[in-house]
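# Coordinate analysis (summary)
This is what each chain is made of:
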Amino acid sequence: SDGQRLGSRRQAHFSTRSGAMSLSVGLVLALASLTPAQAYVLPSGAAPSPIVEADVALSTPVTFTPQVSEEPAPRSQWSPLAFGVALGLLVAVVGGRAPAALAADIENGESVFGANCAACHAGGNNSVVAEKKLKKEALQQYGKYEIAQIITQVTNGNGAMPAFGERLAPEDIEDVASYVRSQADKGW
């Protein structure tokens with residue numbers, strides 16, 4: 001049934017999002033492990049306090065001469081190259097998953113379109129108002145080519161088209177808008 005298909009789609013969509021989230025967390029942890037830890041180090045020239053033995057007379061002066069070594073200043077532990085590589089890897093992994101997520105949304109959009117829109121808009125046509133087709137040129141002419149504009153049209157309706165905002169879930173409206181846009185770009 002449609003309810004079961006929608007439920008399984010939402011579960012698949014949720015598992016895709018949680019998979020991407022766990023992948024992102026793993027990448028952040030991997031980046032953190034690449035950064036070396038820093039411990040407290042005494043500043044150069046400073047030395048620990050001398051230890052005075054208990055049996056040494058207090059009147060005996062204790063002298064201490066610090067030895068200063070000429071060590072080069074420590075280099076920064078932050079590497080722009082390592083950061084760039086990690087960021088590039090993150091973008092590649094997350095961006096590489098985007099087409100699969102988009103394909104699932106378009107599939108659902110096609111299903112929602114078939115069940116709710118195809119009666120009037122089969123093949124990108126319009127059986128009620130013939131000139132207001134879902135073809136790219138008509139969508140552009142009537143200011144409905146952008147996905148946000150399609151979402152508004154489907155949600156609120158306009159003219160002879162009824163509103164579907166209370167009949168369809170917002171995710172389904174987004175999916176059908178993506179489907180309509182992709183089909184318009186392909187020429188139906």
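What comes next concerns the included structure. (Residues numbered from 1 in each chain as written. Predicted model: local features only at pLDDT ≥ 70, side-chain atom pairs only at ≥ 80, totals over all residues. Heavy atoms only, no water.)

### Describing unusual backbone geometry
Even without glycine at this site, Trp188 takes up a positive phi of about 55°. By the element assignment, Trp188 lies in the segment after helix H6 (170-186). (Helix = DSSP H or I, 4+ residues; strand = E, 2+ residues; numbered from the N terminus.)

### So, the side chain of Arg181
Note on placement: Arg181 falls in helix H6. On the basis of relative accessibility, which here comes to 19%, the residue Arg181 falls in the buried class. When sequence neighbours within four positions are dropped, the list of residues in contact with Arg181 reads Tyr145, Glu146, Ile147 and Ile150. (Buried < 20%, exposed > 50% of the residue type's maximum accessible area, 1.4 Å probe, protein only. Contact = heavy atoms within 4.5 Å.)

### Details of the pattern of salt bridges
A full pass over the atoms with the stated rule returns two salt bridges. Arg181 is paired through a salt bridge with Glu146; the nearest N and O atoms lie 3.6 Å apart. Residue Arg181 is found in helix H6, and its partner Glu146 is found in the loop between helix H4 (136-141) and helix H5 (147-156); the two are separated by 35 residues along the sequence. Glu146 gets classed as partly exposed once you look at its relative accessible area, which sits at 42%. Two residues, Arg181 and Asp185, come together in a salt bridge whose shortest N-O distance is 3.3 Å. (Salt bridge = Lys/Arg side-chain N within 4 Å of Asp/Glu carboxyl O.)

### Section: the packing of aromatic side chains
Scanning the model with the defined rule gives three aromatic pairs in all. Considering the side-chain rings of Phe113 and Tyr179, the 5.4 Å spacing of their centres and the 55° angle between planes classify their relative orientation as tilted. Taken as a pair, Phe113 in helix H2 (residues 80-116) and Tyr179 in helix H6 lie far apart in primary sequence, 66 residues in all. A relative accessible area of 5% places Phe113 in the buried class. According to the relative accessible area criterion, Tyr179 is buried, its value standing at 9%. Considering the side-chain rings of Phe113 and Trp188, the 5.4 Å spacing of their centres and the 40° angle between planes classify their relative orientation as tilted. In this pair, Phe113 is assigned in helix H2 and Trp188 in the segment after H6, connecting sequence segments 75 residues apart. One Lys or Arg, Lys132, reaches over the ring of Tyr142 and ends 5.1 Å from the middle of that ring. Sitting above the plane of the Tyr145 ring, Arg181 keeps its charged end 3.7 Å from the centroid. (Phe/Tyr/Trp six-rings, centres within 6.5 Å; stacked < 30°, edge-to-face > 60°. Lys NZ or Arg CZ within 6 Å of the ring centre and 35° of its normal.)

Keep in mind these numbers describe shape, not what the thing actually does.
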